[in-house]
Amino acid sequence: MAEKPMLIDTHCHLNLKQYDKDREQVIKSAEKAGVTRILIPSVDVGTSESALALADAYNNITVGVGVHPNSTGDFTDDTLQTIADLSYNKQVVSIGEIGLDYHWDTVTPEKQKVAFEKQLTLAAERELPVIIHNREASDDVIAILESWATTLPDSLKGRAGVLHSFSAPLEIAERALAIGFYLGFSGPITYKNADSLRRVAVQIPLDRILVETDGPYLTPEPHRGKRNSPAYIPFIADRLAPLHHTTIEEIAQHTTANAERLFKIPALN
């Protein structure tokens, strides 16, 4: 039997309560599916700390630390300092997920922008790429990122970060690529009504694509409606392959190399 292609889930909230009852089995199932490594992004200080605890327990887990826009209502300089302190952990490979979310009316756009820009400044100082959350805020997100990109150290040029679970128009994708970003594709790429997203995905160079679950959310077909799992990453890769007239093996090869390059994750021997 041929070996399964090795894949990396670059965005799974494996530390959330939805996985508390069977987290060990979820990780083992992912490994059986060929998903060799998992990156856990954070949404606040608490999840940054719990993600790091998991990374201490499992050598195939890396972490992004940061505060999600919907969690920035009480963001202060002390919050920023805590994230900065946590970012020195050797398992931290990014700042995130950070960004803007205009869908949920939980935090004003003004407060979100302050937290976003301060965490971007931190990322540049720490020379860490960013994981960007963008929901119904594309124009503001890309404008802020384009300004930030002019400040980057040489070590981040060409590997500024990823627009996670990408769902914006092609123009936004092109502007993001131009400033050194990668695009992450998740479960929605498999949905029947996602033709517009697939039309964008087919235009993205293979050396700029990542695959992710955003678990426990955005479960791909054919498991939509159930809790997501990193073991479902192959469904996303399998949907991307025909768009690029290639095989799931080549998608795996490219997306794994991309993740290793962006996040400086050591390649497996």
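### Overview of helix H4 (residues 109–126)
Three or four residues apart is the spacing at which side chains of an α-helix point the same way, because the helix has 3.6 residues per turn.
Thinking step 1. The terminal C-alpha atoms of H4, which comprises 18 residues, lie 25 Å apart, in line with the 26 Å expected from a rise of 1.5 Å per residue.
Thinking step 2. Every buried residue of H4 is accounted for by Gln 112, Ala 115, Phe 116, Gln 119, Leu 120, Leu 122, Ala 123, Ala 124 and Arg 126.
Thinking step 3. Each element contacted by the buried residues of H4 is listed here: helix H3 (77–86), strand S4 (92–101), strand S5 (130–135) and helix H5 (138–149).

### A closer look at the pattern of salt bridges
Thinking step 1. Under the counting rule described, the total for this entry stands at 10 salt bridges.
Thinking step 2. Residues Asp 20 and Arg 23 are paired through a salt bridge, measuring 2.6 Å at the closest nitrogen-oxygen approach.
Thinking step 3. The buried category is assigned to Arg 23, whose relative accessible area is 15%.
Thinking step 4. The residue Glu 171 makes a salt bridge to Arg 175 at a minimum N-O spacing of 3.4 Å. On the criterion of helical spacing, the pair formed by Glu 171 and Arg 175 is a turn pair, its members being four residues apart in helix H6 (residues 170–178).
Thinking step 5. For Glu 171, a relative accessible area of 47% puts it in the partly exposed group.
Thinking step 6. Several salt bridges converge on common partners, so that one network encompasses Glu 146, Glu 171 and Arg 175.

### Some details on the side chain of Ser 186
Thinking step 1. Along the chain, Ser 186 turns up in the loop between strand S7 (181–185) and helix H7 (195–201).
Thinking step 2. The exposure class of Ser 186 is buried, given its relative accessible area of 4%.
Thinking step 3. A polar side-chain atom of Ser 186 sits 2.6 Å from a polar atom in the side chain of Ser 165.
Thinking step 4. In this view, Ser 186 contacts Ser 165, Glu 212, Thr 213, Leu 218 and Ile 236; residues no more than four positions away in its chain are not counted.

### Points about the pairing of strand S2 (residues 35–40)
Here is the key point about a regular strand: its side chains alternate between the two faces of the sheet.
Thinking step 1. Most of S2 sits out of view: six of its six residues are buried.
Thinking step 2. By the bridge criterion, three bridges tie strand S1 (residues 7–9) to S2 in an arrangement that is parallel. The residue of S2 that forms the bridge with Ile 8 is Arg 37.
Thinking step 3. The pairing of S2 with strand S3 (residues 61–65) spans three bridges and is parallel.

### Let's talk about the sheet that holds S2
Thinking step 1. Read from one edge to the other, the open sheet built from eight strands follows the order S1-S2-S3-S4-S5-S6-S7-S8, with strand pairing classed as parallel. Each end of this open sheet is capped by a strand with a single partner; those strands are S1 and strand S8 (209–211). In this sheet, neighbouring strand axes are inclined to one another by 30° on average, regardless of whether the strands run parallel or antiparallel.
Thinking step 2. Inspection of the sheet shows S4 paired to S5 by six bridges, in the parallel sense. Within S5, the residue paired with Asp 101 across the bridge is Arg 135.
Thinking step 3. Strands in contact with helix H2 (residues 45–57) are S2, S3 and S4; relative to S3, the strand with the most contacts, it is inclined by about 165°.
Thinking step 4. This element, H4, spans S4 and S5 of the sheet and lies at about 160° to S4.

The rules behind the values
- Residues numbered from 1 in each chain as written.
- Predicted model: local features only at pLDDT ≥ 70, side-chain atom pairs only at ≥ 80, totals over all residues.
- Heavy atoms only, no water.
- Helix = DSSP H or I, 4+ residues; strand = E, 2+ residues; numbered from the N terminus.
- Expected span 1.5 Å × (residues − 1).
- Buried < 20%, exposed > 50% of the residue type's maximum accessible area, 1.4 Å probe, protein only.
- Contact = heavy atoms within 4.5 Å.
- Salt bridge = Lys/Arg side-chain N within 4 Å of Asp/Glu carboxyl O.
- Polar contact = N/O pair within 3.5 Å; in protein donor to acceptor, adjacent residues only side chain to side chain.
- Pairing = 2+ DSSP bridges.
- Axes fitted to C-alpha atoms, helices over the stretch in contact; angles between N-to-C directions.

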